[in-house]
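Reading the structure
For reference, the chains in residue letters:
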Amino acid sequence: MADLANLLPILWGGFCTTLAIFGLTLLFSIPLGLLVAVLKMSKYRVVRYPVSFYISVMRGTPLLLQIVAIYFGSYYLSEYSGIGLSFDRFPAVVAAFSINYAAYFAEIFRGGIQAIPKGQYEAASMLGLTKGQTFFRIILPQVVKQVVPASANEVITLVKDTSLAQVIAVTELFSLAKKQQAAYASIYPLFVAGVFYYVANLLLSCFFAYIEKKLNYYK
Amino acid sequence: MNAVLKVEHLKKSFGENHVLKDISFDLNQGEVLSIIGPSGSGKSTLLRCITQLETMDAGAVCVNGKNMIVGLDKKGNAKYAPPNVLREIRLSTGLVFQNFNLFPHLTVLQNLTIAPIRVLGMDREEARKRGRELLEQMGLASKEKAYPCELSGGQQQRVSIARALAMKPEILFFDEPTSALDPELTGEVLKIIKGLADKKMTMVIVTHEMAFARDVANKVIFMDQGVIVEQGSPDFVFNQSGNERLASFLSRFSQG
């Protein structure tokens, strides 16, 4: 049996990397997703079509492949053509996760924005509110309430998806657990890693339940 | 008499569907106009053109001496005045919607203060004070902290009237203000509108409440199929006009 006292500090180190990927991805993908959602609803086709294409690629190909593509793609691009920047492993992972999750968030946000009745825009416009004021003070607060359940789903999936970072050898929780599995010749470290993921998601679920309740002050 | 609202030869089509064919009327300061007519006659579209929620194809609208339309564009459609003029016109008009369209995430008082604060730049405290006065006038003094979903339909509609009044419009438009209400709740809303009429608020009211249309208005317009069929004093339109379409429309209501 592996020694838990030895195992925990090692896995904790990996978990911190996992949390960093998780936190940074949310930090970038949520605003980006909102922007993409707004662009996808643009009345101009030159804006709408590329955005639709981006979303379909992000949702239609494995995230694993996207991580590899960003890491090696950026490397070869800067190596051979001198343009662009080559990512280190960790930033490459964060970049790949951010643009991937932005696509999913964008679709959730778009659904939320489109669910707001037209009358809200008309009332705001009759009162003389500008488009910006209408979006940020009238529409967005209502969208937040709409999208919390679906976004919670994505966020919880993200916690688990971070394990994909191992494909370019970022030492997050799961890759370290696998190393320990080999070292101890036991699958026990993997289960311990599983507990880390589970507890993290349990806390997130509680957090989202709390937020949903908080937002329930109106129908 | 100074006409605060002047509509001339207004036309509006949705594709092949000519909703408004040639609408002209005017309204003086302090007067109340009721617009009646069967569903689909273009009443609401007319209101939405005047309040700039729809664009008209041709004609002219003049609010408070300001022209919304300044000529024709290359395609021969109505050419709108520059944005700053349209905005001035917009701010002198208020609209009460059939479905209230209150902001559900804001309290009753916040619904009343958001535009005065953000648009008119009114001081926060002053906006609240004024909001409270309006709520009191609407008989809703105790509801300022409530959210719209906690109110009855009649109360919500009264809040939405207060919200429109908070912007001190020159003309207040009502688009079937009681059509979404249970019959027992229409009275409280109509009473408020009647009170505004007594205070000489200039109003245009699209309604299916015939008795109310007759009692509140100085002037009544009967529309059918995109044209004004009859207009005049309430007494003329409801009692003296010999127009057949109007008579058959009104008879449906008196039987109802």
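Here goes a summary of the coordinates provided. (Residues numbered from 1 in each chain as written. Chains lettered and ligands numbered in written order. Predicted model: local features only at pLDDT ≥ 70, side-chain atom pairs only at ≥ 80, totals over all residues.)

1. Remarks on the overall build of chain B
Definition in use: Numbered from the N terminus, helices here are DSSP runs of H or I no shorter than four residues, and strands are runs of E no shorter than two. Our radius of gyration looks at C-alpha atoms and nothing else; its globule reference is 2.2 Å times the residue count to the power 0.38. Residue burial here comes from a neighbour count, namely the number of other C-beta atoms, placed from the backbone, that lie within 10 Å of the residue's own C-beta, with 20 or more meaning buried, 12 or fewer meaning exposed, and in between meaning partly exposed. Residues are treated as contacting if the C-beta atoms built from their backbones sit within 7 Å of each other.
The secondary structure content of chain B amounts to nine helices and twelve strands. A compact globule built from 256 residues should have a C-alpha radius of gyration of about 18 Å, and chain B, at 18 Å, falls within 12% of that. Projected onto its principal axes, the C-alpha coordinates of chain B cover approximately 50 × 50 × 35 Å. The proportion of buried residues among the 256 residues of chain B is 43%. Residue pairs in contact within chain B that sit at least 24 positions apart in sequence constitute 62% of those at least 6 positions apart.

2. Quick notes on the nonpolar core
Selection rule: Each nonpolar core comprises buried Ala, Val, Leu, Ile, Met, Phe, Trp, Tyr and Cys residues, the members being joined through C-beta atoms within 7 Å.
Counting 110 residues, the largest nonpolar core has Val93(A), Phe109(A), Ala162(B), Phe173(B), Val204(B) and Ile205(B) as the members making the most contacts within it. For this core, the element with the most residues is helix 4 (residues 89–114) of chain A, which contributes 15 residues. Setting aside residues no more than four positions away along its own chain, Phe173(B) makes contact with Leu47(B), Ile50(B), Thr51(B), Thr93(B), Gly94(B), Leu95(B), Val96(B) and Val204(B). Leu11(A), Phe15(A), Phe174(A) and Ala177(A) belong to the second largest nonpolar core, which has eight residues in total.

3. Concerning helix 8 (residues 188–214) of chain A
To keep it simple, the criterion reads: Expected span of a helix, by definition, is 1.5 Å for each gap between consecutive residues, and there is one gap fewer than residues.
Between its first and last C-alpha, helix 8 of chain A extends 39 Å over 27 residues, near the 39 Å set by a 1.5 Å rise per residue. Pro189(A), Ala193(A) and Phe196(A) are the residues of helix 8 of chain A that are buried.

4. Considerations on the pairing of strand 2 (residues 17–28) of chain B
Residues and elements named next belong to chain B. Selection criterion: Any two strands with at least two DSSP-identified bridges between them are counted as paired.
Where strand 1 (residues 3–14) and strand 2 come together, eight bridges link them in antiparallel fashion. Pairing of Ser13 across the sheet is with His18, part of strand 2. In sequence, strand 1 turns back onto strand 2 through a hairpin of two residues, with Gly15 there showing a positive phi of about 65 degrees.

5. Here's the deal with the interface of chain B and chain A
Formally: Under the scheme applied here, ten amino acids are nonpolar (Ala, Val, Leu, Ile, Met, Phe, Trp, Tyr, Cys and Pro), four are charged (Asp, Glu, Lys and Arg), and all others, including Gly, are polar.
On the side of chain A, 16 residues touch chain B, which itself brings 20 residues to the contact. Residue composition of the side of chain B that touches chain A, by class: twelve nonpolar, five polar and three charged.

6. A short note on the packing of helix 4 of chain A against helix 6 (residues 131–161) of chain A
Residues and elements named next belong to chain A. Formally: Axes here refer to lines fitted to C-alpha atoms; in helices the fit is confined to the stretch in contact. Angles between the N-to-C directions go from 0 to 180 degrees. Handedness of a helix crossing follows the sense of rotation of the near helix relative to the far helix, less than a right angle counterclockwise being left-handed and clockwise being right-handed.
Close contact between helix 4 and helix 6 brings their axes to 8 Å; oriented N to C, the two are set at 145 degrees. Relative to helix 6, the crossing made by helix 4 is right-handed. Between helix 4 and helix 6, the residues in contact are Tyr101, Tyr104, Phe105, Ile108, Phe109, Gly112 and Ile113 and Ile139, Val143, Gln146, Val147, Ala150, Ser151, Glu154 and Leu158, respectively. Looking at the contact of helix 4 with helix 6 residue by residue, the class counts come to eleven nonpolar, three polar and one charged.

7. Examining helix 7 (residues 173–184) of chain A
Residues and elements named next belong to chain A. The end-to-end C-alpha separation of helix 7 is 16 Å, in line with the 16 Å expected for twelve residues at 1.5 Å each. Of the surrounding elements, those touching the buried residues of helix 7 are helix 1 (4–40) and helix 8. Positive backbone phi, at 50 degrees, marks Ala185, one or two positions downstream of helix 7.

8. Some points on the pairing of strand 4 (residues 58–63) of chain B
All names here are of chain B. Where strand 1 and strand 4 come together, five bridges link them in antiparallel fashion. Bridge pairing links Glu8 to Ala60 in strand 4. Two elements, strand 4 and strand 5 (residues 66–67), share two bridges in a ladder whose sense is antiparallel. Opposite Cys62, over in strand 5, you have Asn67 as the bridge partner. Counted between consecutive antiparallel strands, the loop separating strand 4 from strand 5 contains two residues, among which Asn64 sits at a positive phi close to 55 degrees.

9. With respect to the sheet that holds strand 8 (residues 93–96) of chain B
Residue and element names in this part refer to chain B. Reading across from one edge, 8-9-10-3-11-12 is the order of the six strands in this open sheet, with mixed pairing throughout. Each end of this open sheet is capped by a strand with a single partner; those strands are strand 8 and strand 12 (227–232). The average undirected angle you get between the axes of adjacent strands in this sheet is 20 degrees.

10. Overview of unusual backbone geometry
The phi dihedral of Ala185(A) is positive, around 50 degrees, even though this residue is not glycine. In this structure, Ala185(A) sits in the loop between helix 7 and helix 8. Ala185(A) sits in the exposed class, given 8 other C-beta atoms within 10 Å. Positioned with a positive phi, Phe100(B) is a non-glycine residue whose angle comes to about 65 degrees. Mapping Phe100(B) onto the fold places it in the loop between strand 8 and helix 3 (108–118).

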